[in-house]
Amino acid sequence: MKGWFTPVAVAALFLGLLVGTLAVGLLLPATPLAPVSQVQAFQKPYPMPHQYWAKTDEFYVFASGGQQGGLYVYGVPSMKYLSEIPVFVPDQAWGWTPEDPEIRKMMTNPWTGQLVTRGDTHHPALSKTKGVYDGRWAFINDKMQGRVARVDLATFRTSQIYWVPNISGGIHGHHIAPDSRLIVVNIEHEQSPDPVIQRHIGIQVDPFKGPYVAGINGIRVADDGKMSNAWQVWGPWQYDMARIGWGKSDGWIITTSYNTERATSAVPMFAREQDYLYFWNIASIEKALADKKVVTTAQAPDMPVISWKDVEVYMTPIPLNPHGLDISPTGKYILTSGKATTLIAAVDFEKVLQAIKDRKFVGEEFNIKILDQNAVRSATMDLGMGPTHIEFDDQGYAYVGFFVDSDIKKVPLGEPYTQLHKREPWKVADVLPAHFSVGHLVVPGGDTAQPYGKYVISMNKLTKDTFLPHGPLRTENHELFNIRETPAKLVDQMALGPETHYSQVIPVSLITPRSQTAYKEARALASEKPRVEYDYNAKEVRVFMTVVRSFFTPEVFNVPQGWKVKVRMVSQETALDMTHGFALDGYNVVASLDPGEVREVEWTAEKPGVNWFYCIWFCSELHMEMRGRMIVVPSQEWAPQMETKLGS
Ligand code: K7E
Ligand code: CUA
Ligand code: CA
């Protein structure tokens, strides 16, 4: 492995990344199209029967949206886009607007009171029971603001946004425990935290020069899915990826750091010949809590902050600037890839435990013992340029994505999987060409104790000219491969908007039985009469409105200029797919009401005059007529007899 890490080698790697990318682009125009006779027809019945896709799809894909700020949902194998789940970013098309006070509250920074409408989602984490998906919730992290949201999979809507305290943002790794009781996110972007934290861990940070500090953040998850502060462990290093172990690695959190150099700019982050993989004992974190070896900050009095020196943590060297970090289904193998290398390390967690017991340490740094890499590794595979992420199937194979090579390598795992695949482990068994530059890849259940296998989806960072031109900003390409065959077959490709990082794939049987077609909240308000209330002290008009095909009731209300208007809308619909909307001419106000939903909107009636509000969903043949008026009266002309009265 020596010789990899000289500055020249690093420079060559950067060049390699660039040239590799360009070469693919240059070669493309010359690639001839396959003759039609060789193209496998995509078998579809014609005419297409009703519910065909609803009956044939086997899996749901929950794909992070990256800078889209939420999640995309589609079906497999149809690759039919179904929905977006808005999370951190308002999305009026999918009914997620901060005009509703409940949504606004979720999007409001609890410490500054600022409405935050930007986010960057990376790693969905579906809830699990006994190490396998259970279909209750999807959790998703926001790298930019340092948040984790919970999405209720009965409604595909966000029900909580948890804000990580004591940081300015920049969290990356996100993973859930096999029983969904604990979530871990790690701080990728180093911080200059509250002096209380600096004193507790004994590292003084120079905010201008660094080096900075970081750590991992534990979140408790209650029976109803509610997230709350568990602990933070701070120390000298940042972390990129995080996993909570299961099976053979149960009780441990595993993280990688690509900046063990503690550098503050890119090139020096490649200075070391290897970086580290870390093993954190969860019981030791709980013990530090019980022993009250904690401090808290003024910002977060309920978040215990622990020093890394007070917990049991070990590390072992891994190929430089690791990115992928994934655990095999039994929890035994931990595969991690060095981004700027060709190397994938397969660490055997049973060997890790043995090496800890036998004290096979080769040194220490910042009080953390370094485990001998030769004692804990099963293999170091040299597989290709720009390795990214890794997934596992149900037949004992790992799948490794390559950004520069634009492919996925299929590799048989060691014991106990050799009985399944009967191959020599750690040697490439298949190469799946991708279009182009693989980031994450996903196998149904591929990060659980029981993968479903059958497909792999490659989430490609670059599409180049795969699809019709659409300007300089190109979409992404999700490619579906059938891995029941060897060589694996490319089944389909789908353009999906920017920019998925990780996805998770779950059987339809875990989602569809719980999927709601209407909310029940409106029922509680069934006996309430529509009305308009005027509060002269608060200067507020409160409208209690019912919404049903194809009427708003009341359909007109009068408001003194400058007053606040609060409208609570109750959808009386129970029919499937019957959503209404509310948009107000000239105002920055939109809401959307699914069947049986209750939504609120608020605004200030600034300008005198007549403003129509109208339904934004084409809900019936009277949809255009589904509108009403807000009449704003100049304040000096207002008289109480102008109050809107509704029939008894
Ligand atoms: Cu590789 Cu945020 Cu998981 Cu992007 S990360 S691809
Ligand atoms: Cu209701 Cu259109
Ligand atoms: Ca490094």
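Each chain has its residues counted from 1, following the order in which its sequence is written. Chains and ligands are labelled sequentially in the order written, the chains with letters from A and the ligands with numbers from 1. The model is predicted, so local features are restricted to residues of pLDDT at least 70 and side-chain atom pairs to those at 80 or more, both for listing and for counting; the totals for chains, interfaces and linings are taken over all residues. Hydrogens and water are ignored here; the side-chain numbers use all heavy atoms of the structure.

> It is not clear to me how the overall build of the protein should be interpreted in this structure. Could you clarify?
Summing up its helical and strand segments, the protein has eight helices and 41 strands in all. For 648 residues, the compact-globule formula gives about 26 Å, and the C-alpha radius of gyration of the protein, at 27 Å, lands near that figure. Expressed as lengths along the three principal axes of its C-alpha atoms, the size of the protein is roughly 85 × 70 × 45 Å. Of all 648 residues assigned to the protein, the portion counted as buried reaches 58%. Here, two residues are considered to be in contact whenever any of their heavy atoms come within 4.5 Å of each other. Taking the intrachain contacts of the protein between residues at least 6 apart in sequence as the baseline, contacts between residues at least 24 apart amount to 62%. By element, 56% of the accessible surface of the protein is carried by carbon and sulfur atoms, the whole surface being about 27,300 Å². Averaging the locations of the 62 positively and 69 negatively charged side chains of the protein gives two centres separated by 3 Å. Numbering goes from the N terminus for both helices and strands, where a helix is a DSSP run of H or I of at least four residues and a strand is a run of E of at least two. Within these notes, the globule rule equals 2.2 Å times the number of residues to the 0.38 power, and the radius of gyration is based on C-alpha atoms. The buried label goes to any residue with under 20% of its type's maximum accessible area, the exposed label to any with over 50%, and the partly exposed label to all in between, with areas taken from a 1.4 Å probe on protein chains only. Accessible surface area values rest on a Shrake-Rupley calculation with a 1.4 Å probe, where residue burial reflects the displayed protein chains alone. Only four residue types enter the charge count, namely Lys and Arg as positive and Asp and Glu as negative; His and the chain termini do not. Each charge is placed at NZ for Lys, CZ for Arg, CG for Asp and CD for Glu.

> Sorry, what's going on with the packing of aromatic side chains here?
Aromatic rings considered in pairs are described by the distance between their centres and by the relative angle of their planes. Pairing of aromatic side chains requires ring centres within 6.5 Å, counting the rings of Phe and Tyr and the six-membered ring of Trp. Pairs whose planes differ by under 30 degrees are stacked, by over 60 edge-to-face, and all others tilted. The tally for this structure, following the rule as stated, stands at 29 aromatic pairs. Here Y333 and W426 contribute two aromatic rings whose centre-to-centre distance is 5.1 Å and whose plane-to-plane angle is 85 degrees, an arrangement assigned as edge-to-face. Residue Y333 is located in strand β18 (residues 333–338), and its partner W426 is located in the loop between α8 (418–421) and β26 (430–433); the two are separated by 93 residues in the primary sequence. Here Y333 and W426 have matching classes, each one buried. Ring centres of F552 and F613 lie 5.2 Å apart, and the angle between their planes is 80 degrees; on these two criteria the pair is classed as edge-to-face. Taken together, the positions of F552 in strand β34 (residues 551–553) and F613 in strand β40 (residues 609–614) put the pair 61 residues apart, joining distant regions of the chain.

> Would you take a moment to explain the sheet that holds strand β31 (residues 503–507) for this structure?
Within a sheet, adjacent strands bond to each other through the backbone by hydrogen bonds, running parallel or antiparallel. Pairing between two strands is assigned when DSSP locates at least 2 bridges connecting them. If you walk across this open sheet you meet the four strands as β3-β2-β1-β31, and the pairing is antiparallel. Unpaired on one side and paired on the other, β3 (80–85) and β31 mark the two borders of the sheet. The sheet shows a mean angle of 25 degrees between the axes of neighbouring strands, direction not considered. In the sheet, strand β1 (residues 59–64) pairs with strand β2 (residues 71–76) via six bridges, with the strands oriented antiparallel. When the bridges of β2 are listed, S64 appears paired with L71. The axes are straight lines fitted to the C-alpha atoms, using for helices just the contacting stretch, and the angles between their N-to-C directions are given from 0 to 180°.

> Would you take a moment to explain the site of ligand 1 for this structure?
One heavy atom suffices: a residue is near a molecule or strand as soon as one of its heavy atoms comes within 4 Å of it. In the vicinity of ligand 1, the contacting residues are H122, H123, H172, M241, H323, H389, G439, H440, K461 and H501. Classifying every residue of the shell around ligand 1 by side-chain character gives one nonpolar, eight polar and one charged. Side-chain classes follow a simple rule in which Ala, Val, Leu, Ile, Met, Phe, Trp, Tyr, Cys and Pro form the nonpolar group, Asp, Glu, Lys and Arg form the charged group, and the remainder, Gly included, forms the polar group.

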